[in-house]
Structure formats: C-alpha cells, structure tokens
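Summary of structural features
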Amino acid sequence: TIDSNLLLKVENIMTSIGLVELISIDSTVKIDLKYGTSGNFMGVQLYDTLTRLFLQKNVAIRLSKSQRYLDSISPGYSLLVYDGVRPRQVQQEMWDALDSIPVNSRGKFVSNPRNGSVHNFGAAVDLTIVDANGDILDMGAEYDDFREIAFPKYEARFLKSGELTQQQYQNRKLLRRVMKYSSFYNIPSE
C-alpha cells in the first residue's frame with residue numbers, strides 16, 4: 001500500500017513546479033500509466049509514488065485538442081496515454097537497464113538522464129488510440145517495443161515484407177495525424 005501522505009506530497013510537488021493533472025484539463029482521455037505497473041520493458045513497477053498523469057499545462061491543453069479532433073473524425077475513439085512526466089531517477093533506471101546497448105544508440109529508446117528528457121519536464125507523452133469499445137488499435141508493435149518494426153522510418157520496408165499490415169499502417173497514420181493536429185511530433189524511433 002502506498003502512503004497517502006507521500007502521494008499527496010508528490011502531487012503537491014508536481015503542481016508547485018507548474019504541472020497539471022491531465023484529467024483536470026480533459027477527463028475523456030484514457031490513462032494507463034505503464035511505469036506504475038509491471039507492464040513495461042523493465043517488467044517491474046517503476047512509479048511507486050506517481051499514480052496520476054502530470055504534464056505541462058500547454059501540453060495537456062494540446063492533448064485535449066487532439067482528443068477532440070480524434071473524436072470528430074472517429075467518433076468514440078480515444079487517446080490512451082501511457083506516460084507523461086517521468087522522474088529523473090526512473091529515467092536513470094531505464095538508462096541503466098539498457099546497458100547492453102551502446103551509449104550512442106541507447107538514446108533512440110531512452111534519453112540520457114544526465115541531459116534530461118522531455119518526459120522529465122512533463123512535455124512528452126507516450127500514447128496510442130483505443131476504439132469505441134475500448135480496444136487498443138493494432139499498431140504492429142507493442143508499447144516499449146524496441147524492434148525496428150516500431151520505427152516509423154522503416155514502415156515502408158515492413159509494409160513491403162508483409163510484417164506490417166495496411167491496417168496497422170493506417171492506425172499509425174491516424175495517431176500521427178491526430179497528434180500533428182495539435183503540433184506534436186513523433187520521435188523517429190517510436
């Protein structure tokens with residue numbers, strides 16, 4: 001059990017540095033904090049005192065705009081956010097866990113904690129789309145998937161080989177379209 005006083009302290013710290021809880025801006029966006037569970041590439045719960053999704057206010061507002069746009073073009077569909085602000089010590093744990101990957105390549109998957117990452121500042125989100133039934137759209141790769149099939153820059157190759165279906169590709173394009181609508185951009189390796 002997590003100490004409720006500690007949770008409140010963490011939430012107060014988040015708001016004191018100007019972050020907002022996403023649901024205070026838009027409660028229709030779905031949230032599943034993957035690092036608050038073992039359902040991530042580390043296989044363990046990394047967020048032990050972070051149980052809510054916090055972002056910079058302008059990021060949360062833009063995400064809400066993307067959500068409204070998605071619902072307008074695909075009624076009933078919703079964004080499903082897996083991660084927002086990420087404590088730097090968690091970033092370090094992730095970085096260290098990928099020690100089998102050379103340092104110059106590791107940054108494709110996890111930013112070097114020495115430099116900080118946009119996640120550390122609440123300016124990035126990891127997300128997908130769910131349909132009107134709440135089912136996650138098939139993107140051809142899972143969350144925290146480090147294989148090349150997850151890289152947008154290799155989509156043409158995987159489409160040609162049949163490892164990525166046309167529907168998976170269309171789902172990816174929908175997600176990028178919805179996010180680009182509110183001036184988000186994707187990382188080439190995600």
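For the structure given in this document, a descriptive report is provided here. (Residues numbered from 1 in each chain as written. Predicted model: local features only at pLDDT ≥ 70, side-chain atom pairs only at ≥ 80, totals over all residues. Heavy atoms only, no water.)

**Thoughts on the side chain of Thr128**
Let me state the cut-off plainly: Segments assigned H or I by DSSP are reported as helices when at least four residues long, segments assigned E as strands when at least two residues long, and all are numbered from the N terminus. Contact criterion: two residues are considered in contact whenever any of their non-hydrogen atoms come within 4.5 Å of each other.
With respect to the element layout, Thr128 can be found in strand S5 (residues 126-130). Sequence-distant contacts of Thr128, that is, excluding residues within four places in its chain, are made with Ser78, Leu79, Leu80, Tyr82, Ile136, Leu137, Met139 and Leu175.

**Quick notes on the side chain of Arg172**
For clarity, the cut-off: Each residue is placed in one exposure class: buried if its accessible area under a 1.4 Å probe, protein chains only, is under 20% of its type's maximum, exposed if it is over 50%, and partly exposed if it falls in between. Counted as a polar contact is a pair of N or O atoms within 3.5 Å, where, for protein atoms, one must be capable of donating a hydrogen and the other of accepting one, and residues adjacent in sequence contribute only when both atoms are in side chains.
Inspection of the secondary structure puts Arg172 in helix H7 (residues 166-181). Here Arg172 falls in the buried class, since its relative accessible area comes to 6%. Separated by 3.1 Å, the side chains of Arg172 and Glu155 make a polar contact. Not counting the four nearest positions on each side in its chain, Arg172 is found in contact with Met139, Gly140, Ala141, Ile149, Ala150, Phe151, Glu155 and Leu164.

**Observations regarding the packing of helix H3 (residues 57-73) against H7**
To be explicit about the condition: Each axis is a line fitted through C-alpha atoms, taken for helices only over the stretch in contact, and angles between the N-to-C directions span 0 to 180 degrees. If an angle is under 35 degrees, it is roughly parallel; if it is over 145, roughly antiparallel; if it lies from 65 to 115, roughly perpendicular; otherwise it is oblique. By definition, turning the near helix anticlockwise from the far helix through less than a right angle yields a left-handed crossing, and turning it clockwise yields a right-handed one. Gly is placed with the polar residues, together with every amino acid not listed as nonpolar (Ala, Val, Leu, Ile, Met, Phe, Trp, Tyr, Cys and Pro) or charged (Asp, Glu, Lys and Arg).
Between H3 and H7, the least distance of the axes is 8 Å, while the angle of their chain directions is 130°. Here H7 runs oblique to H3, going by the angle between their axes. For the pair H3 and H7, the sense of crossing is right-handed. In this structure, H3 uses Leu63, Lys65, Ser66, Tyr69, Leu70 and Ile73 to contact H7, whose residues at the interface are Leu174, Arg177, Val178, Met179 and Tyr181. Looking at the contact of H3 with H7 residue by residue, the class counts come to eight nonpolar, one polar and two charged.

**Observations concerning a negative patch on the surface**
What counts here: Without a salt bridge and with relative accessible area above 30%, a residue can belong to a patch; like charges are then joined within 9 Å and nonpolar side chains (Val, Leu, Ile, Met, Phe, Trp, Tyr) within 5 Å. For the area figures, the Shrake-Rupley method with a 1.4 Å probe applies, and any residue is considered shielded solely by the protein chains shown. Each reported salt bridge corresponds to a side-chain nitrogen of Lys or Arg within 4 Å of a carboxyl oxygen of Asp or Glu. Only four residue types enter the tally: Lys and Arg on the positive side, Asp and Glu on the negative side; His and the chain ends are excluded. Positions of charges follow a simple convention, taking NZ of Lys, CZ of Arg, CG of Asp or CD of Glu.
On the surface, Asp48, Glu93, Asp96 and Asp99 cluster together into a patch of negative charge. Structurally, Asp96 can be placed in helix H4 (residues 88-97).

**What to know about the sheet that holds strand S4 (residues 78-83)**
Short version of the rule: Two strands are said to pair when DSSP picks up at least two bridges between them.
A sheet is described by the order of its strands in space; here three strands give the open sequence S2-S4-S5, paired in mixed fashion. Both edges of this open sheet fall to strand S2 (30-31) and S5, since each of them pairs with a single strand only. One ladder, built from five bridges, connects S4 with S5; its direction is antiparallel. Each residue of the ladder has a partner; that of Ser78, found in S5, is Val130. Strand contacts of H3: S4 and S5, with the helix running at about 145° to S4, the strand carrying the most contacts. Its contacts with the sheet put H7 on S4 and S5, and the angle it makes with S5 is roughly 115°.

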